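What follows is the residue order along each chain.
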Number of protein chains: 2
Amino acid sequence: MKDCSQCIVRNRAICAGLETAELELLGRLGRKHKVSKGQTIFWEGDDAVVVANVIEGVLKVSISMSDGREQIVGIVFSSDFIGRPFGQQSPYSVTALTDAELCVFPRSTFDSFARQHPELEHKLLRRTLNELDRAHAWMLLLGKKNATERIATLLLEMSVRLGETGCTVDNGALDAFELPLDRRQIGDVLGLTIETVSRQFSKLKADGVIHLPDRRTVSIRDRARLQYLSAAA
Amino acid sequence: MKDCSQCIVRNRAICAGLETAELELLGRLGRKHKVSKGQTIFWEGDDAVVVANVIEGVLKVSISMSDGREQIVGIVFSSDFIGRPFGQQSPYSVTALTDAELCVFPRSTFDSFARQHPELEHKLLRRTLNELDRAHAWMLLLGKKNATERIATLLLEMSVRLGETGCTVDNGALDAFELPLDRRQIGDVLGLTIETVSRQFSKLKADGVIHLPDRRTVSIRDRARLQYLSAAA
DNA sequence: CGATGTCTTGAGTCCCGTCAATGCACGTGG
DNA sequence: CCACGTGCATTGACGGGACTCAAGACATCG
């Protein structure tokens, strides 16, 4: 890699806070890699050959059943980390939802580098703990919320996460944004069918809570109401 | 703490693999603490004052909504770790399902000890990564599986996890075991109601897949069929 | 202007949730 | 010992919310 100090996710990826020397070392291990929309980076069950930082783009993390049913267990954005360190097989698939750019490391190389640099492992631990919290919140959604609540929750979540994509660390929630997911994928995140998703969108639109200029774009008209509908604490 | 080297979870908790000196240091920070069935160790949203190792017993990890709906996001057993290191508030509640014994550490003390002992943080990271994998598998269950598949999956999971509770590291799956959960709690793990859980149990019993000597005891009669019903890969 | 893929909408069905009654084990007190 | 209350669990009847199946709308692209 040329120069990590110029990387646009420099301040938000796990690399943040590394000493200049460490950063340079790590940089030599990684390679930038572009992937295009729809491409799968690695498959569930395959040998875990690589891990990566997401420099730019949006990707889905999913697991599936033998009969084809698929659950999306995470959406990853710029500066997020993907792959399974310290594991033989990848427990999930990762697929690009938009064109994306990654900073890819061979897993075994990354593993040993991490073991020698506690600061990096610490960053990774904090990140994993946060992901676990998010997974728990999503289990509540999947186990207990109805269709309306699920959709409302997703829209609010997307408006926040897509708003964090800038260079600085904290930005506000967006009131208009483009969904990186099609209707089927939204269903696979929320544990709903494509038709139910569509009906809920239509209903929210009819009620004036959101506006849908086109299939992928959402504009939040009444955030307070959306928050109420999401049944958040 | 008296002597960690004699601890029954010595080889399986995060303490495993620590140097004797480190172990002794850590031991001085913790205190053994008994809790009785039904008691809540800490509440979702409260200040995260402590973390702990589970020495003995079974506990539930849960999060809930303002209207009372509750999702159990994890069941923890002997040698598991509970609490949220490096976080201000606890993102979940932890409640004892059986009488239990914990090895409790003040969180801030534990945090700084961990930061000074990379080996411990590494253990914690591996553990958290495994928990995340398990959470993902459960999201698939909650998002895509039907009632029968959910019950079958839970029974198989419990038969494995309860079988791991010995002193050695790997034991086989149990064919008969006592559920540490009542029907409501099973529902809260699986995203089902108490009645649906009961009906599924009755059906599995009628089909000869399991036997139910009493409300809490399960005996697996046809593990292959149960595996098939769980729709596992 | 069709061809194609995605989304929306409608009609009907079914699985699971809801509500309610009953069963069963256990404890307590008469 | 039995009557009674209490807490779970089971079972039944019923309804509704989401799924299924199918048709139609809409956008994009050759």
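## Digging into the protein's contact with DNA strand D
Thought 1: Surveying the vicinity of DNA strand D reveals 16 residues, the closest of which are A:A147, A:T196, B:R183, B:S198 and B:S202.
Thought 2: Those atoms of DNA strand D that come within 4 Å of the protein belong to sugar or phosphate at a rate of 65%.
Thought 3: Within the side chain of B:S198, an N or O atom sits 2.8 Å from a phosphate oxygen of DNA strand D.
Thought 4: Taken together, the elements giving at least two residues each to the surface near DNA strand D come down to α6 (194-206) of chain A together with α6 (194-206) of chain B.
Thought 5: Of all the elements, α6(B) adds the most residues to the surface near DNA strand D, at 4 residues.

## Regarding the domain arrangement of chain A
Residue and element names in this part refer to chain A.
Thought 1: Here chain A is partitioned into domain 1 (4-136) and domain 2 (146-229).
Thought 2: For domain 1 versus domain 2, the distance between C-alpha centres works out to 25 Å.
Thought 3: Contacts between the two partners involve 14 residues from domain 1, matched on the other side by 17 residues from domain 2.
Thought 4: Taken as a group, R12, I72 and F77 account for 39% of the area that domain 1 buries against domain 2, more than any other trio of residues on that side.

## What about the protein's contact with DNA strand C?
Thought 1: The immediate surroundings of DNA strand C are formed by 16 residues, with A:R183, A:S198, A:S202, A:R215 and B:T196 found nearest.
Thought 2: Here the atoms of DNA strand C within 4 Å of the protein split so that 61% fall in sugar or phosphate, with bases taking the remainder.
Thought 3: Note that a phosphate oxygen of DNA strand C is positioned 2.7 Å from one of the side-chain N or O atoms of A:S198.
Thought 4: B:T193 places a side-chain nitrogen or oxygen 3.1 Å from a phosphate oxygen of DNA strand C.
Thought 5: Listing elements by their share of the surface near DNA strand C, those giving two or more residues are α6 of chain A together with α6 of chain B.
Thought 6: With 4 residues, α6(A) is the largest single contributor of residues to the surface near DNA strand C.
Thought 7: For the surface near DNA strand C, the residue count by class is 2 nonpolar, 6 polar and 8 charged.

## Topic: the interface of chain A and chain B
Thought 1: Contact residues are listed per partner, giving 47 residues for chain A and 46 residues for chain B.
Thought 2: It is A:L125, A:M139 and A:K144 in chain A that bury the most area against chain B; as a group they hold 16% of the surface buried on that side.
Thought 3: Across the contact surface, chain A and chain B share 8 salt bridges.
Thought 4: Residue B:D188 is joined to A:K144 by a salt bridge in which the shortest nitrogen-to-oxygen separation is 2.9 Å.

## Let's talk about helix α1 (residues 20-29) of chain A
Residue and element names in this part refer to chain A.
Thought 1: Regarding α1, the residues found buried are E22, L23, L26 and G27. For α1, the angular spread of the buried residues around the axis is 135°, confining them to a single face. Across α1 from its buried face, at more than 90 degrees, point the exposed residues A21 and R28.
Thought 2: Taken together, the buried residues of α1 touch β8 (100-106) and α2 (107-116).

## With respect to the packing of aromatic side chains
Residues and elements named next belong to chain A.
Thought 1: Applying the stated rule across the entire model yields 6 aromatic pairs over all chains.
Thought 2: Ring geometry for F105 and F110: centres 5.7 Å apart, planes at 45°, overall tilted.
Thought 3: Among the residues examined, F105 registers a relative accessible area of 3% and is labelled buried.
Thought 4: Taking the relative accessible area as the measure of exposure, F110 reaches 1% and is therefore buried.
Thought 5: Here the aromatic cluster, defined as three or more aromatic residues joined through ring pairs, consists of F81, F105 and F110.
Thought 6: Over the aromatic face of F201 sits the side chain of R183, whose NZ or CZ is 4.5 Å from the ring centroid.

## Some thoughts on the pattern of salt bridges
When charged atoms on two side chains of opposite charge get close, those side chains can pair.
Residues and elements named next belong to chain A.
Thought 1: Summed over the entire model, instances satisfying the criterion amount to 30 salt bridges over all chains.
Thought 2: Put simply, R127 and D80 hold a salt bridge, and the shortest N to O gap is 3.5 Å. Placement of the pair is R127 in helix α3 (residues 118-144) and D80 in the loop between β5 (70-76) and β6 (81-82), with a sequence separation of 47 residues.
Thought 3: You can call R127 buried: its relative accessible area is 18%.
Thought 4: Several salt bridges converge on common partners, so that one network encompasses D80, R127, R134, E157 and R161.

## A few points about the sheet that holds strand β1 (residues 31-35) of chain B
All names here are of chain B.
Thought 1: With antiparallel pairing, 4 strands are arranged side by side in an open sheet as β1-β8-β3-β6. Bordering the open sheet on either side are β1 and β6 (81-82), each of which pairs with just one other strand.
Thought 2: As paired elements, β1 and strand β8 (residues 100-106) share 5 bridges and run antiparallel to each other. When the sheet's bridge partners are listed, H33 is paired in β8 with L102.
Thought 3: On top of the sheet, helix α2 (residues 107-116) reaches β3 (50-56), β6 and β8; it is set at about 70° to β8, its chief contact.

## Notes on the relation of the copies chain A and chain B
Thought 1: For the pair chain A and chain B, the superposition axis carries a translation of 0.0 Å, the fit reaches an RMSD of 0.0 Å, and the rotation angle comes to 180°. Taken together, these values place the two copies in the relation of a two-fold axis.
Thought 2: The residues that chain A uses at the interface reappear at the interface of chain B in 98% of cases, marking a shared surface.

Here is what the cut-offs are and how they apply
Residues numbered from 1 in each chain as written. Chains lettered and ligands numbered in written order. Predicted model: local features only at pLDDT ≥ 70, side-chain atom pairs only at ≥ 80, totals over all residues. Heavy atoms only, no water. Near = heavy atom within 4 Å. Polar contact = N/O pair within 3.5 Å; in protein donor to acceptor, adjacent residues only side chain to side chain. Helix = DSSP H or I, 4+ residues; strand = E, 2+ residues; numbered from the N terminus. Domains from an automatic or database assignment. Contact = heavy atoms within 4.5 Å. Buried area = accessible area lost by both parts, 1.4 Å probe. Nonpolar A, V, L, I, M, F, W, Y, C, P; charged D, E, K, R; others polar. Salt bridge = Lys/Arg side-chain N within 4 Å of Asp/Glu carboxyl O. Buried < 20%, exposed > 50% of the residue type's maximum accessible area, 1.4 Å probe, protein only. Arc of directions from axis to C-beta. Phe/Tyr/Trp six-rings, centres within 6.5 Å; stacked < 30°, edge-to-face > 60°. Lys NZ or Arg CZ within 6 Å of the ring centre and 35° of its normal. Pairing = 2+ DSSP bridges. Axes fitted to C-alpha atoms, helices over the stretch in contact; angles between N-to-C directions. Least-squares fit on C-alpha atoms with pLDDT ≥ 70 in both.

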